[in-house]
Amino acid sequence: MKTVNRRMSFNQSAIKSKQSGFTLIEVMVVLAIIGGMLALVASNVIGNAGEARIKTTKSQIKLIENSLDLYKLDNYTYPTTEQGLEALIAKPSGSPEAKNWKSGGYLKGSKLPQDSWGNEFVYFYESGAYEILSLGADGQEGGEEELADISSKD
């Protein structure tokens, strides 16, 4: 009688172990669904990150423009291309002289802001007008979308 009970309990546990768990197809279906969801989320996040960098760079350009306007109020002209944006953090030399340059500069800190990709802004001054330019993600002139140049004239 004991051998019969052992055989029955052995057979019952063997049947239970065959019924528990997932098949390979079920696991693959779940992984495919998760992979699809991750692809959708990743594409939305990556797209938003590029857009956020562009908006941040435009905000930094506005900050520099405001600082240039303060510089002009004090010194009657914008810094020349040669003097560059450095004139906002250190008194520039050369002509025209910055006679009323504000002690401490026109931007907080001792460094010029960089665009969202870690590149320096490019500054041009000609005929009474200036342009501040970010060369975008690739650091090269031209490009499209995130690689496009961002200008203060836009």
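Thresholds, definitions, all that
- Residues numbered from 1 in each chain as written.
- Predicted model: local features only at pLDDT ≥ 70, side-chain atom pairs only at ≥ 80, totals over all residues.
- Heavy atoms only, no water.
- Pairing = 2+ DSSP bridges.
- Helix = DSSP H or I, 4+ residues; strand = E, 2+ residues; numbered from the N terminus.
- Buried < 20%, exposed > 50% of the residue type's maximum accessible area, 1.4 Å probe, protein only.
- Contact = heavy atoms within 4.5 Å.
- Core = buried A, V, L, I, M, F, W, Y, C linked by side-chain atoms within 4.5 Å.
- 1 Å grid on protein atoms, 1.4 Å probe; cavity = no way out; pocket = protein on both sides within 12 Å on 5 of 7 lines; lining within 4 Å.
- Points joined across faces, edges and corners; volume = space filled by probe spheres on them.
- Nonpolar A, V, L, I, M, F, W, Y, C, P; charged D, E, K, R; others polar.
- Salt bridge = Lys/Arg side-chain N within 4 Å of Asp/Glu carboxyl O.
- Phe/Tyr/Trp six-rings, centres within 6.5 Å; stacked < 30°, edge-to-face > 60°.

1. Some details on the sheet that holds strand β1 (residues 122–126)
Across the sheet, three strands lie side by side as β1-β2-β3; this open sheet has antiparallel pairing. One side of each edge strand has no neighbouring strand; the edge strands of this open sheet are β1 and β3 (150–151). Relative to strand β2 (residues 129–134), β1 runs antiparallel, the two being bridged by five bridges. Note on β2: the bridge partner recorded for Y123 is I132.

2. Describing unusual backbone geometry
Comment: phi is negative for the bulk of residues other than glycine, and the bulk of peptide bonds are trans. The linkage connecting S95 with the following residue, P96, adopts the cis geometry, with an omega of 0°. Mapped onto the fold, P96 is located in the loop between α2 (24–75) and β1. Although it is not a glycine, S127 sits at a positive phi angle of roughly 55°. Note on placement: S127 falls in the loop between β1 and β2. The class for S127 is exposed, based on a relative accessible area of 73%.

3. So, the side chain of E65
Structurally, E65 can be placed in helix α2. Residue contacts for E65: discarding those within four places in its chain leaves Y130, I132 and S152.

4. Examining the nonpolar core
Soluble globular proteins tend to bury their nonpolar side chains together. The biggest cluster of nonpolar side chains holds 18 residues, and the ones touching the most others in it are I64, L68, Y71, L85, L88, Y123 and I132. Counting residues per element, the ones that place at least two in this core are α2 and β2. Examining the composition of this core, we find that four residues originate from one element, α2, more than from any other. Those residues in contact with Y71, other than ones at most four positions away along the chain, are Y76, T77, Y78, P79, Q83, A87, L88, P92, A98, W101 and Y106.

5. What to know about the layout of surface pockets
Taken as a whole, the largest pocket holds about 150 Å³ of empty space. If you go around the largest pocket, the residues you meet are I64, G84, L85, E86, K111, L112, P113, Q114, E120, F121 and Y123. In the lining of the largest pocket, the residues fall into six nonpolar, two polar and three charged.

6. Brief notes about the pattern of salt bridges
All told, the structure shown has one salt bridge when counted by the stated rule. Residue K62 pairs with E65 through a salt bridge whose shortest N-O separation is 3.6 Å. Of this pair, K62 and E65 both sit in helix α2, three residues apart, which is roughly one turn of that helix. With a relative accessible area of 12%, E65 lands in the buried category.

7. Details of the side chain of T80
Along the polypeptide, T80 turns up in the loop between α2 and β1. Look past the residues within four positions of T80 in its chain and what remains in contact with it is S95, P96, Y123 and Y125.

8. Re the packing of aromatic side chains
Here the structure, examined in full by the defined rule, presents five aromatic pairs. On the basis of an interplanar angle of 80° and a centroid distance of 6.1 Å, the ring pair of W101 and Y106 is categorised as edge-to-face. With respect to burial, W101 and Y106 carry one shared label: buried. Taken together, Y78, Y123, Y125 and Y130 form an aromatic cluster joined through their ring pairs.

Worth remembering: the numbers are spatial, not functional.
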